[in-house]
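# Topology and contacts: notes
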Amino acid sequence: RHSRLVAPPPPRRRPAGKMGIDIEAGGRVWNKPRVTKSENPYIRLLIKLYKFMARRTDSKFNKVILKRLNMTRKCKPPLSLQKLAKHMDAKDGKIAVVVGAVTDDKRLYEVPKLTVCALRFTEAARASIVKAGGECLTFDKLALRSPLGKGTVLLRGPVKAREAERYFGKAPGVPGSHTKQRVRSKGRKFEKARGKRKSRGYKA
């Protein structure tokens, strides 16, 4: 009695059209969300809270708040009370939400009644809001009051308002450029608006 020889199964072929990643040329595409480097325990606790809420609810609001809490300090610019009041005009009963600081504005003589949630309030801004009969909330209180973000207005400060942003862009003097020149110092002996107007060399 002899055993029958069985041929091994043919190797499985990959279906046509499906190829691997070209690690050499392009490398892998990593798309990891940014995680904060902040040591602030309050920020870290808020991230923990909103990470849970973003996962357990279908609310896009919670996902946006989580993303913004993890942003760099540069991407969390302060918002002034004047801009806040302007954006909240005719939005009675809604909560303004700012992932950043809220600062006071002396140009705003009459502060309207506002309910604001922010990471931080300057002393003067908090006093102005409370004096007008408004309310200053923290994000943990907002999570209890509006867990899905209903009845809120999400606002941001001016990200491009930094002094450094003025130097970015096309070279100064190039047609259509509004970039600020890097001049050593202000004075008679130094470059003054060259390329910006006819009387100073040329106008682009």
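Preceding block: the structure.
Residues numbered from 1 in each chain as written. Predicted model: local features only at pLDDT ≥ 70, side-chain atom pairs only at ≥ 80, totals over all residues. Heavy atoms only, no water.

### Some points on the packing of aromatic side chains
Using the criterion set out here, one finds 1 aromatic pair in the structure. Seen from their ring centres, Y50 and F139 are 6.1 Å apart, and the 85° between their planes marks the pair as edge-to-face. Here Y50 is found in helix α1 (residues 41-56), whereas its partner F139 is found in helix α5 (residues 139-145), with 89 residues between them in sequence. No difference in accessibility class separates Y50 from F139, as the two residues are buried. (Phe/Tyr/Trp six-rings, centres within 6.5 Å; stacked < 30°, edge-to-face > 60°. Helix = DSSP H or I, 4+ residues; strand = E, 2+ residues; numbered from the N terminus. Buried < 20%, exposed > 50% of the residue type's maximum accessible area, 1.4 Å probe, protein only.)

### Points about the pattern of salt bridges
Across all of its chains, the model carries 7 salt bridges by this definition. Residue E165 is joined to K160 by a salt bridge in which the shortest nitrogen-to-oxygen separation is 3.9 Å. You can call K160 exposed: its relative accessible area is 65%. For R162, the salt bridge goes to E165, with nearest N and O atoms at 3.7 Å. Look at R162 and you get partly exposed, because its relative accessible area is 34%. Exposure remark for E165: the relative accessible area of 16% places this residue in the buried category. (Salt bridge = Lys/Arg side-chain N within 4 Å of Asp/Glu carboxyl O.)

### Some details on α1
If you check α1, its first and last C-alpha atoms are 23 Å apart, about what 16 residues at 1.5 Å a residue would give, namely 22 Å. Residues I43, L46, I47, Y50, M53 and A54 constitute the buried set of α1. For α1, the arc enclosing every buried residue in end-on projection is 135°, short of the 170-degree limit, so these residues lie on one face. In α1, the exposed positions angled more than 90 degrees off the buried face are occupied by P41, L45, K48, K51, R55 and R56. Elements in contact with the buried residues of α1: α2 (60-69), β3 (115-121) and α5. Measuring from the side-chain oxygen of the N-cap residue of α1 to the backbone nitrogen of Y42 gives 2.9 Å; that N-cap residue is N40. (Expected span 1.5 Å × (residues − 1). Arc of directions from axis to C-beta. Contact = heavy atoms within 4.5 Å. Polar contact = N/O pair within 3.5 Å; in protein donor to acceptor, adjacent residues only side chain to side chain.)

### Things to note about the side chain of K76
Following the sequence through the fold, K76 ends up in the loop between α2 and β1 (79-80). Nearest to the buried, unbridged K76 among oppositely charged side chains is E39, at 13 Å. Residues in contact with K76, not counting those within four places in the same chain, are R68, L69, M71, V99, G100 and L119. (Lys, Arg positive; Asp, Glu negative; His and termini not counted.)

### Some words on the pairing of strand β2 (residues 95-103)
Within β2, 8 of the 9 residues are buried, which leaves the element mostly enclosed by the surrounding structure. In this structure, β1 lies alongside β2, joined through 2 bridges in parallel fashion. Bridge pairing in β2 links S80 to T103. In this fold, the crossover linking β1 to β2 by way of helix α3 (residues 81-87) has right-handed handedness. Relative to strand β5 (residues 152-155), β2 is paired through 4 bridges, and the arrangement is parallel. What sits directly across from V97, in β5, is L154. (Pairing = 2+ DSSP bridges. Right-handed = clockwise from strand over helix to strand, strands pointing away.)

### Comments concerning the packing of α1 against α2
Two elements in contact, α1 and α2, have axes whose closest approach is 9 Å; the angle formed by their N-to-C orientations is 150°. Compared by their axis directions, α1 and α2 come out roughly antiparallel. Once α1 is placed against α2, the crossing between them reads as left-handed. Two secondary-structure elements touch here, α1 through I43, L46, I47, Y50, K51, M53 and A54 and α2 through N62, K63, I65, L66 and L69. Class assignment of the residues belonging to the contact of α1 with α2 gives a composition of 9 nonpolar, 1 polar and 2 charged. (Axes fitted to C-alpha atoms, helices over the stretch in contact; angles between N-to-C directions. Parallel < 35°, antiparallel > 145°, perpendicular 65-115°, else oblique. Left-handed = near helix turned anticlockwise from the far one by under 90°. Nonpolar A, V, L, I, M, F, W, Y, C, P; charged D, E, K, R; others polar.)

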